[in-house]
Amino acid sequence: STGPPAQASPETIEARRLRAEQDRAYEASAEEDRLKEESRKVAEQTEREEEERALREAQEASAKEAADQQKAQEDLERKKKSLPAEPPQGEGVVTIVVRLPEGGRLAPRRFNGSDKVRILYDFVEVSVCAEGQAAPEWVGKG
């Protein structure tokens, strides 16, 4: 017959308690490390997504700027082609000299008295932009 179970010695009990405490500490540390790693991965993913978004926005802005410049150039060419020929001096013809905001002047140009003001605006814009420069802010506001 077997007798009552042998009681563990105080050293064995202390060793088991210490072992259990170390296991809990190890598990807590491992969980903390796992959470830190997960947080780091989320931060990296967020940073990558932000960089991709910024790059995409920069590319879209660049494409829009190029499209806007292309449209402005096409508008300028259309205006240039639509300008009527300068009429000879005569009755009903006026000569206009345009003074620019910067102080310069455009060469005198004759217009028919019946021409629409839009033709004058187009002439000014085409003349100012003739050297391939972008139109100043005040051009084309009429």
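What comes next concerns the included structure. As the structure is a computational prediction, the values presented were derived from the model and not from experiment. (Residues numbered from 1 in each chain as written. Predicted model: local features only at pLDDT ≥ 70, side-chain atom pairs only at ≥ 80, totals over all residues. Heavy atoms only, no water.)

**Some words on the overall build of the protein chain**
Inference 1: Looking only at helices and strands, the protein chain has two helices and two strands in total.
Inference 2: Start at the N end of the protein chain and walk to the C end: the helices and strands fall as α-β-β-α.
Inference 3: Here the protein chain holds 142 residues, and 13% of them are scored as buried.
Inference 4: Carbon together with sulfur atoms contributes 52% to the accessible area of the protein chain, which is approximately 11600 Å² in total. (Helix = DSSP H or I, 4+ residues; strand = E, 2+ residues; numbered from the N terminus. Buried < 20%, exposed > 50% of the residue type's maximum accessible area, 1.4 Å probe, protein only. Areas by Shrake-Rupley, 256 points an atom, 1.4 Å probe, with all protein chains shown as cover.)

**A look at the side chain of R109**
Inference 1: Of note, R109 is situated in strand β2 (residues 109-112).
Inference 2: Put simply, R109 is tucked away with no salt bridge, and the nearest opposite charge, on E86, sits 4.4 Å away.
Inference 3: Polar contacts involving the side chain of R109 include one to the main-chain carbonyl oxygen of P84, which spans 2.8 Å.
Inference 4: In this structure R109 touches P84, A85, E86, P87, V94, T95, I96 and F123, once residues within four positions along its chain are discounted. (Lys, Arg positive; Asp, Glu negative; His and termini not counted. Salt bridge = Lys/Arg side-chain N within 4 Å of Asp/Glu carboxyl O. Polar contact = N/O pair within 3.5 Å; in protein donor to acceptor, adjacent residues only side chain to side chain. Contact = heavy atoms within 4.5 Å.)

**Some details on the packing of helix α1 (residues 10-82) against helix α2 (residues 117-128)**
Inference 1: Packing of α1 against α2 brings their axes to within 9 Å, and their N-to-C directions diverge by 120°. One finds that α1 runs oblique with respect to α2. α2 is crossed by α1, and the crossing has left-handed handedness. Contacts from L76, K79, K80 and S82 in α1 reach D122, E125 and V126 in α2. (Axes fitted to C-alpha atoms, helices over the stretch in contact; angles between N-to-C directions. Parallel < 35°, antiparallel > 145°, perpendicular 65-115°, else oblique. Left-handed = near helix turned anticlockwise from the far one by under 90°.)

Note that every value here comes from positions in space, so none of it alone points to a role or purpose.
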